[in-house]
Amino acid sequence: MASSSLFPPASDPDDPLSKALQPPPDESPDDRARRIQQQKDAQAISHSIDQDIQESRKAFERRKKAIKILLLGQAESGKSTTLKNFQLAFSPQHFRTERAAWRTIIQLNLIRSIKRLLEVLQEEWDESAQPLRGGGPEADKKGKGKAVDRSPARSPPPPKATVRFSTSPLTDQHRRMRMRLSPLLPIEEQLTRRLLPDANDRLQDVCVRAGSGWKGLLAGLQSPDAAAAAGQAKEPRRPSTAEGRRDDPTAVLAACRDDIVALWEDPVVRAVLKRRGIRLQDMPGFFLNDAARIATMNYEPTDEDIVRARLRTLGVEEHRFTMESGALPGSEWYIYDVGGSRNNRPMWIPYFDDVQAIIFLAPLAFNLMLEEDAKVNRLEDSIMLWKEICQNPLLSKTTLILFLNKMDILQATLAAGIRVNKYVPSYGDQPNDVQHVTKYFRDKFRGYHKRLSPQARSFYWHETSVIDTRSTAAILVGVREGILRAHLQSVNVI
Ligand SMILES: Nc1nc2c(ncn2[C@@H]2O[C@H](COP(=O)(O)OP(=O)(O)OP(=O)(O)O)[C@@H](O)[C@H]2O)c(=O)[nH]1
Ligand SMILES: [Mg+2]
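Residues numbered from 1 in each chain as written. Chains lettered and ligands numbered in written order. Predicted model: local features only at pLDDT ≥ 70, side-chain atom pairs only at ≥ 80, totals over all residues. Heavy atoms only, no water.

A. Summary view of the site of ligand 1. Among the 24 residues in the neighbourhood of ligand 1, the closest are listed as Lys79, Thr81, Arg310, Gly340 and Asp408. Contacts to ligand 1 include arginine 310, whose side-chain N or O atom sits 2.7 Å from an oxygen atom. At 3.0 Å from an oxygen atom of ligand 1 is found a main-chain nitrogen or oxygen belonging to valine 466. When contributions to the shell around ligand 1 are tallied by element, the ones reaching two or more residues are α4 (79–90), β3 (312–314) and α16 (407–415). Take the shell around ligand 1: its biggest share by element is 3 residues, from α4. Here the residues of the shell around ligand 1 sort into 6 nonpolar, 11 polar and 7 charged. (Near = heavy atom within 4 Å. Polar contact = N/O pair within 3.5 Å; in protein donor to acceptor, adjacent residues only side chain to side chain. Helix = DSSP H or I, 4+ residues; strand = E, 2+ residues; numbered from the N terminus. Nonpolar A, V, L, I, M, F, W, Y, C, P; charged D, E, K, R; others polar.)

Okay, here's the thing in structure tokens:
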């Protein structure tokens, strides 16, 4: 131990170090007291180093024995949402301690939708006053096949065509509402900059860097009354100053509540959105339908709100939790949640040789393109990623579990009459319904798994809508038991 080597026993008079440490023969009482104090301090430091080493050793052993799961899939596939379902189902107490931080994220998600709505209205005003390229406002979106146009407000097209857009049905009343909502606009930028100070380009949506302590930062950002009320709000909250904090969205949202609700429910606005082919409902982190509940001083996120909140992941986040119930309660699990966009993918590799299972999220988004590359179809990208994972030799013994996620969106897409064979010609004239479409793509994933896996392994898959916490909890119980069984088999316990 470090403590014994620092202070050799006094009984060894020949030891050179002991000799060097001997007090001088003419030591004064003050010097003696100082020397003894220094020895005590050094001993305390040494003891705390010993403890740290022991703790690290224990943590290392714990991690070695723990079950580790890696969540993979492209951006927006639902990895972080699956993680939240895991926490909610198996570690609910811990999940709920983070409610205060999620409150701000949900408010920012709502503000983002309002911002997009106002951008659309602005485009409508601009275009109603200016000449347009032939083909109308939808012409440049068709090729992309995007259900939602999430691009920032674009400048009006160059005035080289002859077609004039009809006069906008929007009125002065709409302009006044937009004016009153304008204080919301800078909030997102201000808060996002605080969460990610080194971001230099325009941020697509709310994101945080892994391990940046954003939950603590966000919980701390709320005004004292907001923080006090988050958790057990009994009294309606008041902002701590007349204006509230400049970057605490609560007071500004509450002041804008009636206008937000009125604008979103306005039939003229809905008609404009429909005509322009924009479905804000499909944006990640869509909360406009809940604006009346959220834009209040004492808003408390529900579990479902937290699960639906959109927060882009950057890098790799490690989440450790202890099972609060079920088989092996008290067992430790590590879940690694990764950023799915292309520039994040190289960061996945260091985690490959140390995980027991991968949950791969693949939404059957056959009609959407990647946000980071509008030329690449999302489903093609998912299949390409799946192939890489299946054939990776580092993962040959890893259990792969496929979640065909966002089944609710697939259902809505097919119900809206969007045909698969328009985007995937090989689908041919098979029925355009959920059952056939799911089977077609599931068989593709299964085929690649069988053909490319370096050694035979079972194919596990689930159809999921991970924003539905109830059905997801049932699926996760099965997933957890399966992973546990495979883990115990691999260490020869069963
Ligand atoms: N309708 C629907 N929305 C979903 C589903 N799963 C996830 N979402 C939403 O899709 C958005 C993206 O989900 P995330 O879990 O943040 O995606 P991610 O894979 O972690 O994305 P990155 O962190 O960017 O890699 C969120 O707004 C979710 O609420 C689903 O099954 N159905
Ligand atoms: Mg994520």
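Don't stop here, the text continues.
B. The arrangement of the nonpolar core in detail. Core analysis: the largest hydrophobic core is formed by 43 residues, its most contacted members being Ile114, Leu184, Ile260 and Leu280. Of all elements in the fold, only α6 (99–129), α7 (172–181), α8 (185–195), α11 (249–265), α12 (267–275), α13 (291–294) and α14 (303–308) reach the threshold of two or more residues within this core. The element best represented in this core is α6, accounting for 12 residues. Once residues within four sequence positions are removed from consideration, leucine 280 is found in contact with Ser113, Arg116, Leu117, Trp264, Leu273, Phe286 and Leu288. One finds Ala66, Phe366, Leu400 and Val420 within the second-largest nonpolar core, a separate group that totals 37 residues. (Core = buried A, V, L, I, M, F, W, Y, C linked by side-chain atoms within 4.5 Å. Buried < 20%, exposed > 50% of the residue type's maximum accessible area, 1.4 Å probe, protein only. Contact = heavy atoms within 4.5 Å.)

C. Representation of the UniProt feature "binding site: GTP" (unreviewed entry) in the chain within the structure. Summarizing the sequence annotation, UniProt attributes the feature "binding site: GTP" (unreviewed entry) to Asn405, Lys406, Met407 and Asp408 in the numbering used throughout. Along the chain, lysine 406 turns up in the loop between β7 (399–404) and α16. With near-sequence residues (within four places) excluded, lysine 406 lies in contact with Glu76, Ser77, Pro363, Thr464 and Ser465. Here methionine 407 is to be found in helix α16. (UniProt positions renumbered as here; feature names shortened; annotations may be inferred.)

D. Quick look at the packing of α6 against α8. Between α6 and α8, the least distance of the axes is 9 Å, while the angle of their chain directions is 135°. In terms of their interaxial angle, α6 and α8 are classed as oblique. Crossing handedness for the pair α6 and α8: left-handed. Two secondary-structure elements touch here, α6 through Thr104, Leu108, Ile111, Arg112, Lys115 and Leu118 and α8 through Leu185, Ile187, Glu188 and Leu191. (Axes fitted to C-alpha atoms, helices over the stretch in contact; angles between N-to-C directions. Parallel < 35°, antiparallel > 145°, perpendicular 65-115°, else oblique. Left-handed = near helix turned anticlockwise from the far one by under 90°.)

E. Molecular detail of the sheet that holds strand β1 (residues 67–72). Reading across from one edge, β4-β5-β1-β6-β7-β8 is the order of the 6 strands in this open sheet, with mixed pairing throughout. What marks the edges here is a single partner per strand, and that holds for β4 (316–322) and β8 (460–463). This sheet shows a mean twist of 20° between the axes of neighbouring strands, independent of strand direction. Bridge count for β1 against strand β6 (residues 357–361) is 4 bridges, and the pairing is parallel. When the sheet's bridge partners are listed, isoleucine 69 is paired in β6 with alanine 357. (Pairing = 2+ DSSP bridges.)

F. Region of the structure containing the packing of aromatic side chains. As enumerated under the stated definition, the model contains 10 aromatic pairs in all. Ring centres 5.4 Å apart and planes at 65° place the aromatic pair phenylalanine 86 and phenylalanine 90 in the edge-to-face group. Pair noted here: phenylalanine 86 and phenylalanine 90 are both in helix α4, with a separation of 4 residues, about one helical turn. Seen from their ring centres, tryptophan 386 and phenylalanine 459 are 6.4 Å apart, and the 75° between their planes marks the pair as edge-to-face. Residue tryptophan 386 is found in helix α15 (residues 378–391), and its partner phenylalanine 459 is found in the loop between α18 (434–452) and β8; the two are separated by 73 residues along the sequence. Positioned above the aromatic ring of tryptophan 102 is the side chain of lysine 84, whose terminal nitrogen or guanidinium carbon lies 4.3 Å from the ring centre. One cation-aromatic arrangement involves arginine 270 over tryptophan 264; the distance from NZ or CZ to the ring centre is 3.9 Å. (Phe/Tyr/Trp six-rings, centres within 6.5 Å; stacked < 30°, edge-to-face > 60°. Lys NZ or Arg CZ within 6 Å of the ring centre and 35° of its normal.)

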